[in-house]
Amino acid sequence: MSTASHAPTVRCVATAEEMHQLGRELARLLRAGDLVVLSGPLGAGKTTLTRGIGEGLDVRGPVTSPTFVLARTHPSLSGGTPLVHVDAYRLSSALELDDLDIDFARSVVVVEWGAGMLDGVAESWLEVAIERPTGADQSGDAVSGDEADVDQVDEPRTVTITGFGPRWAQGPDVVDPA
Ligand SMILES: Nc1ncnc2c1ncn2[C@@H]1O[C@H](COP(=O)(O)OP(=O)(O)OP(=O)(O)O)[C@@H](O)[C@H]1O
Ligand SMILES: [Mg+2]
C-alpha cells in the first residue's frame, strides 16, 4: 500500500466558528470514496470540523458526537454524497473499523480518533491533526492571575492537513474563501 504523504497544509484556527468554516472549505475538496481521519485530544474540535464538512456537503444534520453510535450516516439533502461520521474512540483496530460495514466507495467518511487504524482499509486518506498549543502556559510567572482566568477552551488550534496516497498526490490545498 502506498502511504506517501505530501506537503501538509497548516492552518491556525482561533475560534470554533473558524474551525466550522474550515470544515466547509474542506468539503469542497471531498467526493465519494474519500476518507478523512481526524486526530487531536478530547475537545480539540474534531466534531466542530465535521459539522462544517457536513454543512459543506449539504447533508442532513445535526452532526453531533457519535460516541454511543460508532458510525452515523448523514444522507445528502440534494442528491449528493452522504457523510458517514465515525467515532473510533472505543475501537482498537482496523479490523473493528471494517466490521462497521461502511460503504466507503459511495460516501465521504470522516473518522474521529481514527489515526493509525487505516492499514488495509484505504489506499488514500486525508489526515487532519488538531492541536491545542500549550507552550504559553509553561512560562509560569508571565501569566498573571487575571490572565490565567481566561477560558482556555477558546484558545487557538493548529490544524495540519496531510494527504496520503495517490488521491492526494497534488496535496490537500484548502483555498481561502474569497
Ligand atoms: N478553535 C476552536 N476550534 C474548535 N473548537 C473550539 C475552538 N475553540 C473552542 N472550541 C470549542 O471546543 C469544544 C469541543 O469541540 P468538539 O466537540 O468539536 O471537540 P472534539 O475534538 O470533537 O471532542 P471529543 O474529543 O470529545 O470528540 C466545543 O465547545 C467548541 O465550540
Ligand atoms: Mg467529537
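No experiment lies behind these values; they were computed from the predicted model shown.

Caption draft 1: Local environment of the sheet that holds strand β1 (residues 9-13). What the 7 strands build is an open sheet, ordered β1-β7-β6-β2-β5-β4-β3; its pairing is mixed. Only two strands of the sheet have a single neighbouring strand rather than two, namely β1 and β3 (71-74). Averaged over all pairs of adjacent strands, the angle between strand axes in this sheet comes to 20°, irrespective of strand direction. With 4 bridges connecting them, strand β2 (residues 35-39) and strand β6 (residues 125-131) associate as parallel partners. Across the sheet, residue Val37 finds its bridge partner in β6, namely Glu127. Docked against the sheet, helix α1 (residues 16-27) engages β1, β6 and β7 (157-164), running at close to 150° with respect to β1.

Caption draft 2: Region of the structure containing the pattern of salt bridges. One pass over the structure, following the stated rule, counts 5 salt bridges. Two residues, Arg167 and Asp34, come together in a salt bridge whose shortest N-O distance is 2.7 Å. Of this pair, Arg167 sits in the segment after β7 while Asp34 is found in the loop between α1 and β2, placing the two residues 133 residues apart along the sequence. Measuring nitrogen to oxygen at the nearest pair gives 3.2 Å for the salt bridge that ties Arg132 to Glu155. Of the two residues, Arg132 sits in the loop between β6 and α4 (145-148) while Glu155 sits in the loop between α4 and β7, which places them 23 residues apart along the sequence. Accessibility expressed as a relative area gives 22% for Arg132, which makes it partly exposed.

Rules of the game
- Residues numbered from 1 in each chain as written.
- Chains lettered and ligands numbered in written order.
- Predicted model: local features only at pLDDT ≥ 70, side-chain atom pairs only at ≥ 80, totals over all residues.
- Heavy atoms only, no water.
- Pairing = 2+ DSSP bridges.
- Helix = DSSP H or I, 4+ residues; strand = E, 2+ residues; numbered from the N terminus.
- Axes fitted to C-alpha atoms, helices over the stretch in contact; angles between N-to-C directions.
- Contact = heavy atoms within 4.5 Å.
- Salt bridge = Lys/Arg side-chain N within 4 Å of Asp/Glu carboxyl O.
- Buried < 20%, exposed > 50% of the residue type's maximum accessible area, 1.4 Å probe, protein only.

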